[in-house]
Amino acid sequence: MKLLILLAALASVVLASSYDKKGVAVATDKLYIKECGACHFAYQPGLLPANAWQKMMSNLENHFGSDASLAKEDFDSISKYLNKNSAEKFMNYKRSARIVNSLRVGEVADSISKTPYMIEKHKKIREDLITQEEVKGIFNCTACHTTAQKGIYSEKDIMIPNFGRWED
Amino acid sequence: MKLIFALLLFLTISSASVVDEYLNTLTKEAKIENPSFSGFDLKKGEEIFTSKHIGKKGKEVSCVSCHGDDLSKTSKNFFTAKEIEPLSPTANSQRFSEVKTIEKWLRRNFNDVYNREGTAQEKGDVITYIINK
């Protein structure tokens, strides 16, 4: 009996720490998708923890060398949305959990593609395939991940321009 | 049928009036900036739109880098490769339909290309060029 309880407890711990959902939660907020999807794909909020989003939002006038500043009311609404849906609040999604767990304690990420998990996942790709005109950089998730809009980044859904499917 | 026609007419008029109204506001501002202001100049607008400058990102860019040579066609963002719908309001009815949106992009895009915001004169000149091209 005691063994059974112990086993049950163990099983629930294992289940709780495993992600019940693959990928990352899709972006749903209309204003966010319109404003933050104007120059690139609207990254899912679950791709970065809240502290990283805050840091990025605090400097939209110089956003990776571009001016992405917003009207006050839109800034407030989008900040709130990002904060409510950031990665550490959705650890039941595999990619959010992996990204968060790859960061050192206290580390505030500057971008998604520079998080240790993302660097590790993309280090085998030839440099010229990343810098080519159709892609320009790892920031351009949708150029290679055909299902990125749905929050799915599985290997089988990768198609790199001028290269084709990715086979490991 | 008549109703649809009336509605279409209304829509055309109302979208035309957004940009006209904005140009009126810019005219007032330009007169304050410069008492001898004498109207907006399409030729100067063309120069503003097509000339290259070392922009905010430290690269040589112009408005054309992102919006293309033909404003009635879809273009590609110079930095991100994302498609941009045509800038010309004749090709794309969504353009110049909201002052807040026009101001937001002019502020950002002048900063991107000129490393500063545009003056009322410059904004009026460049809009005059875009809507007439």
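Note that the coordinates shown come from a computational prediction; the quantities given were computed from them, not determined experimentally.

Conventions and cut-offs
Residues numbered from 1 in each chain as written. Chains lettered and ligands numbered in written order. Predicted model: local features only at pLDDT ≥ 70, side-chain atom pairs only at ≥ 80, totals over all residues. Heavy atoms only, no water. Helix = DSSP H or I, 4+ residues; strand = E, 2+ residues; numbered from the N terminus. Buried < 20%, exposed > 50% of the residue type's maximum accessible area, 1.4 Å probe, protein only. Contact = heavy atoms within 4.5 Å. Salt bridge = Lys/Arg side-chain N within 4 Å of Asp/Glu carboxyl O. Buried area = accessible area lost by both parts, 1.4 Å probe. Polar contact = N/O pair within 3.5 Å; in protein donor to acceptor, adjacent residues only side chain to side chain. Nonpolar A, V, L, I, M, F, W, Y, C, P; charged D, E, K, R; others polar. Arc of directions from axis to C-beta. pLDDT = per-residue confidence, 0-100. Phe/Tyr/Trp six-rings, centres within 6.5 Å; stacked < 30°, edge-to-face > 60°. Lys NZ or Arg CZ within 6 Å of the ring centre and 35° of its normal.

We now examine the environment of B:K123. Residues and elements named next belong to chain B. Here K123 is to be found in helix α5 (residues 120-132). Residue classification places K123 among the buried residues on the basis of a relative accessible area of 14%. Distance from K123 to G55, taken between C-alpha atoms, is 17 Å for residues 68 residues apart in sequence. Ignoring anything within four residues of it in the chain, the contact list for K123 reads Y22, L26, L106, F110 and G118.

A side chain of one charge can pair with a side chain of the opposite charge when the charged atoms of the two come close. Applying the stated rule across the entire model yields 17 salt bridges over all chains. Measuring nitrogen to oxygen at the nearest pair gives 2.6 Å for the salt bridge that ties A:K55 to A:D110. Here A:K55 is found in helix α3 (residues 50-57), whereas its partner A:D110 is found in the loop between α5 (94-102) and α6 (116-122), with 55 residues between them in sequence. Among the charged side chains, a salt-bridge network with shared partners connects A:K34, A:E35, B:K104 and B:R108.

With that settled, consider the interface of chain A and chain B. If you look at the interface, chain A gives 23 residues, while chain B gives 15 residues. Regarding the contact of chain A and chain B, the summed buried area is about 1,500 Å², with carbon and sulfur atoms giving 43% of it. By the criterion of area lost to chain B, the three top residues of chain A are A:C39, A:D67 and A:K136, representing 33% of everything that side buries. Viewed at the interface, chain B and chain A are joined by four salt bridges. A salt bridge links B:K100 to A:D74, with the shortest nitrogen-to-oxygen separation between them at 2.9 Å. Taken together, the connections running from chain A to chain B amount to 13 residue pairs in polar contact (both at pLDDT 80 or more). For the side of chain A that touches chain B, the per-class residue count stands at eight nonpolar, seven polar and eight charged.

Moving on, we come to the side chain of A:T147. Residue position: A:T147 is located in the loop between α8 (141-144) and β1 (159-160). Apart from residues lying up to four places away in sequence, A:T147 is in contact with A:I152 and A:D157.

Not every positive phi belongs to a glycine, and A:F64 is a case in point at roughly 50 degrees. Considering the arrangement of structural elements, one finds A:F64 in the loop between α3 and α4 (72-84).

Time to look at helix α2 (residues 42-50) of chain B. Residue and element names in this part refer to chain B. Every buried residue of α2 is accounted for by G45, I48 and F49. Angular distribution of buried residues about the axis of α2 spans 95 degrees; they occupy a single face of the element. Set apart from the buried face of α2 by more than 90 degrees, the exposed residues are K43 and E47. Packed against the buried residues of α2 are α3 (63-67), α4 (99-114) and α5. Sitting at the amino-terminal end of α2 is D41, which places a side-chain oxygen 2.9 Å from the backbone nitrogen of K43.

Okay, the confidence of the model for chain B next. Scored by pLDDT, chain B comes out at a mean of 92, with 88% of its residues at no less than 70. We note a pTM of 0.91 for the whole complex and an ipTM of 0.86 for its interfaces.

Once that is clear, we can look at the packing of aromatic side chains. For the structure shown, the criterion picks out eight aromatic pairs over all chains. A centroid spacing of 5.9 Å and a plane angle of 40 degrees characterise the contact between A:F163 and A:W166, whose relative ring orientation is tilted. Classification of A:F163 as partly exposed rests on a relative accessible area of 42%. Taking relative accessible area as the criterion, A:W166 reaches 19% and is therefore assigned buried. Positioned above the aromatic ring of B:F78, the side-chain terminus of A:K136 is 5.5 Å from the ring centre.

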